[in-house]
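So you can see what is in the structure, the chains are spelled out below.
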Amino acid sequence: MLYNHVTELIGNTPLLRLDPQVHGIPGLELYAKLEYLNPFGSVKDRIAWGMIRDHVTDLVAGGKTLIEASSGNTAKALQVLASVHGLDLKVLTNRVKVGEVRDVLLLLGTDLEELPGLSECPDPTVPNDVFSTIATIIASEPGRYFHTSQYTNPDNVTTHQDTTGREIAADIGGIDLLVGGLGTTGSTRGTATQLKMLNPAMQTIGVVSTTEDFIPGIRSEAEMWEVGLFEPGFYDQIVAIRSTEAIDATLDLVRRHGLLVGPTSGAAYAALREHLRCNPIPEGAGCSAVMIVCDRIEWYLSYLRSRRPELFGQKPRARPADLTEAEVASAPVVRVDELTSWLGDPDVVRVDTRGAMAYRIGHVPGAINLRDDLLEDLLTQGSPFPASSRLVFICPIGEYSRRIAAFLTQRGHRAYSLDGGIVAWRDAGHALETGTR
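Bear in mind the structure is a predicted one, so any value in this text is a computation, not a measurement.

### Comments concerning the sheet that holds strand β2 (residues 28-34)
Argument step 1. Strand order across the open sheet formed by 6 strands is β1-β2-β10-β7-β8-β9, with mixed pairing between neighbours. Edge positions in the sheet fall to β1 (15-17) and β9 (237-241), since each of these pairs with one other strand and no more. Looking at each pair of strands side by side, their axes are set apart by 25 degrees on average, direction ignored.
Argument step 2. Sheet topology note: the strand β8 (residues 203-209)/β9 ladder contains 5 bridges and is parallel. Among the inter-strand pairings, I205 is bridged to a residue of β9, identified as Q237.
Argument step 3. Sitting on the sheet, helix α7 (residues 154-172) touches β1, β2 and β10 (287-293), and the angle it makes with β2 is about 135 degrees.

Shown next as C-alpha cells:
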C-alpha cells in the first residue's frame, strides 16, 4: 500500500480479537486496539498530529517553536512531526524515569529540559512546577511559542472521538466495555464518547497506578489532579493497579497473545480482569470489550529489568512498593513534637524524600534530600544508612515515608516516618530550613 507522507500512517490501527481460549474469561469477547502500530510507536501519535494539523501552515510561516509538558510518547511524536515540518520543539518534564525514553528523545534532537522531580507522594506544599515554568517561558518571549498543551487541549479528546472511536465502531459496532490507561485521559474520553453513541450503557474503565507505585505512561491515583482534561464522573470505575500486576499482565500479553506491548497495556489488561472478577459476566450472557494497547515493550526494558531482574537472569530484589498495606501500616512513626526533641542528636538521620524544588523551599532542619526514586534505586542495592543511626523519613504528608520506614525496619534499621509529613511540621509552627544541603 502506497503512502505519500508519514502522517498518512497515523491511525487506522488494527483491532485484534484475543483468543478466548487464552484469556479464559467465559462470555468475554475481548479486542485489543493496537495503537503501538502507529508510525512513531504509540497512541500519542494521534493527538500530536491532531493538536497541530490545522495550525502547521501558520506555525511554519510564523517560525513558531512548539512547547509541551511530556514524559515521553507525546514528546516523541511531536518531535518527529516538528522535524518533518521544519519546526522546533521544547519539552519540559519531571517525569522521564525510563532511560530508553530519554535516549530516544535525545536521539531525535529534542530540546529536553528536565526539572527537579516532584515526589510521587502528593505534595500540597509546592506548585506544579512544569506548568508554571512553561507559562514563564512563554511570557518571557511573547509570540515565539505554540503550546500544544496535551493536558488541557480539547483536540486531544476530539481526535480520539473522530478517529479511534470511529475506527472501533466501524470494525465491530457498539461494545459493552472500554478499558484504557489514564495519562492525559484524552484517549479513553474521546473513544468512549464516540462509542457511547452506539451503546449509551457502555462502561468506561480508567486505569491508574497505585499511589506508591509507578507505571510508565499512566498517572497514579494521587496525580490525576494535575490533568486538566480529567473528569472523574466520566468513568464508571477507576482501577488502581500495582506495577507487579501490570508486569505480570504484560508478560501474559507478550508470551501468550503475541503482543509486544508496554506495561501500560499490561495495566489495562490487569484492570479488565480485576473489573470482571468483581463484576462477573452472568452465566449465559456475553460481554464485548476493547482495551487500548498504547505502546511497545522495547521502550521499557530497563524499567522491567529494575522491577523484575529475574526476567533477565539476575537475582530478584525486594522493593518498598512490594510491601503489603498491613506491613506499611505497622511502620514506626514519630510525632512532630517527638522529632523536635531529637534534632540535637547526631545519631538521628533525617531524610527528606521530596523533589529538589520542594526541599529547597523548606525542610526540617538538618534533613538531607534523597528524592524518592533515587532513594529506591539505592535501596535495591542494599541500605546506604549506618545500622547505628535512627532514621526519620519525611515526605509531604507521611504516606510514602511510612512505606520506606516499614521497608528498612524489616531490614533491621531503627526507621521512622514523620507522622503527617512536612505539612504537619509546618502546621505545628516549627521552623523550616531553606536552600540545599
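### Overview of the environment of G63
Argument step 1. Tracing the chain through its elements places G63 in the loop between α3 (56-62) and β3 (65-69).
Argument step 2. For the pair G63 and Y145, spaced 82 residues apart in the sequence, the C-alpha separation amounts to 9.0 Å.

### Description of the sheet that holds strand β14 (residues 390-394)
Argument step 1. The strand order β11-β15-β14-β12-β13 describes an open sheet built from 5 strands, whose pairing is parallel. Edge strands, defined here as strands with exactly one partner in the open sheet, are β11 (333-334) and β13 (368-369).
Argument step 2. Where helix α16 (residues 400-409) meets the sheet, it contacts β11, β14 and β15 (414-418), and its direction lies at approximately 170 degrees from that of β15.

### As for the pattern of salt bridges
Argument step 1. All chains considered together, the criterion is met by 23 salt bridges.
Argument step 2. Residues D248 and R308 are paired through a salt bridge, measuring 2.8 Å at the closest nitrogen-oxygen approach. Highlighted residues: D248 in helix α9 (residues 243-257) and R308 in the loop between α11 (301-307) and α12 (325-329), separated in sequence by 60 residues.
Argument step 3. Each of K33, E35, R46 and E167 takes part in one network of salt bridges that share partners.

### Digging into the pairing of β10
Argument step 1. Counting buried residues along β10, 7 of its 7 residues qualify, which places the element largely inside the surrounding structure.
Argument step 2. Of the two faces of β10, the one carrying C287, A289, M291 and V293 and the one carrying S288, V290 and I292 are both buried.
Argument step 3. Pairing geometry for β2 and β10, over 7 bridges, is parallel. Directly across from L28, in β10, lies its bridge partner C287.
Argument step 4. Both strand β7 (residues 177-181) and β10 contribute to a ladder of 3 bridges, which runs parallel.

### Considerations on the nonpolar core
Among soluble globular proteins, nonpolar side chains are generally buried collectively.
Argument step 1. Counting 63 residues, the largest nonpolar core has L28 and I241 as its most contacted members.
Argument step 2. No other element matches helix α10 (residues 263-278), which puts 7 residues into this core.
Argument step 3. Membership of the second largest hydrophobic core comes to 18 residues, among which are V351, L379, L391 and A406.

### Here's the deal with the environment of H413
Argument step 1. Relative to the helices and strands, H413 resides in the loop between α16 and β15.
Argument step 2. According to the relative accessible area criterion, H413 is buried, its value standing at 9%.
Argument step 3. In this structure the C-alpha to C-alpha distance between H413 and S383, which are 30 residues apart in sequence, comes to 9.1 Å.
Argument step 4. When neighbours within four sequence positions are excluded, H413 is seen to be in contact with S383, F385, P386, A387, L391 and L408.

### Overview of the packing of helix α2 (residues 44-52) against helix α4 (residues 73-84)
Argument step 1. Interaxial distance between α2 and α4 falls to 8 Å at its minimum, and their mutual angle equals 50 degrees. As far as their axial angle goes, α4 and α2 are oblique. Between α2 and α4 the crossing geometry is right-handed. Residues K44, D45, I47, A48, W49, M51 and I52 of α2 form the contact with α4, whose own contacting residues are N73, T74, A77, L78 and L81.

### Concerning a nonpolar patch on the surface
Argument step 1. Judged by side-chain polarity, M1, Y3 and L9 come together as a nonpolar surface patch covering roughly 370 Å² of accessible area.
Argument step 2. Along the polypeptide, L9 turns up in the segment before β1.

Conventions and cut-offs
Residues numbered from 1 in each chain as written. Predicted model: local features only at pLDDT ≥ 70, side-chain atom pairs only at ≥ 80, totals over all residues. Heavy atoms only, no water. Pairing = 2+ DSSP bridges. Helix = DSSP H or I, 4+ residues; strand = E, 2+ residues; numbered from the N terminus. Axes fitted to C-alpha atoms, helices over the stretch in contact; angles between N-to-C directions. Contact = heavy atoms within 4.5 Å. Salt bridge = Lys/Arg side-chain N within 4 Å of Asp/Glu carboxyl O. Buried < 20%, exposed > 50% of the residue type's maximum accessible area, 1.4 Å probe, protein only. Core = buried A, V, L, I, M, F, W, Y, C linked by side-chain atoms within 4.5 Å. Parallel < 35°, antiparallel > 145°, perpendicular 65-115°, else oblique. Left-handed = near helix turned anticlockwise from the far one by under 90°. Patch = residues over 30% accessible without salt bridge, like charges linked within 9 Å, V, L, I, M, F, W, Y side chains within 5 Å. Areas by Shrake-Rupley, 256 points an atom, 1.4 Å probe, with all protein chains shown as cover.

Any functional reading would require information beyond the geometric quantities listed.
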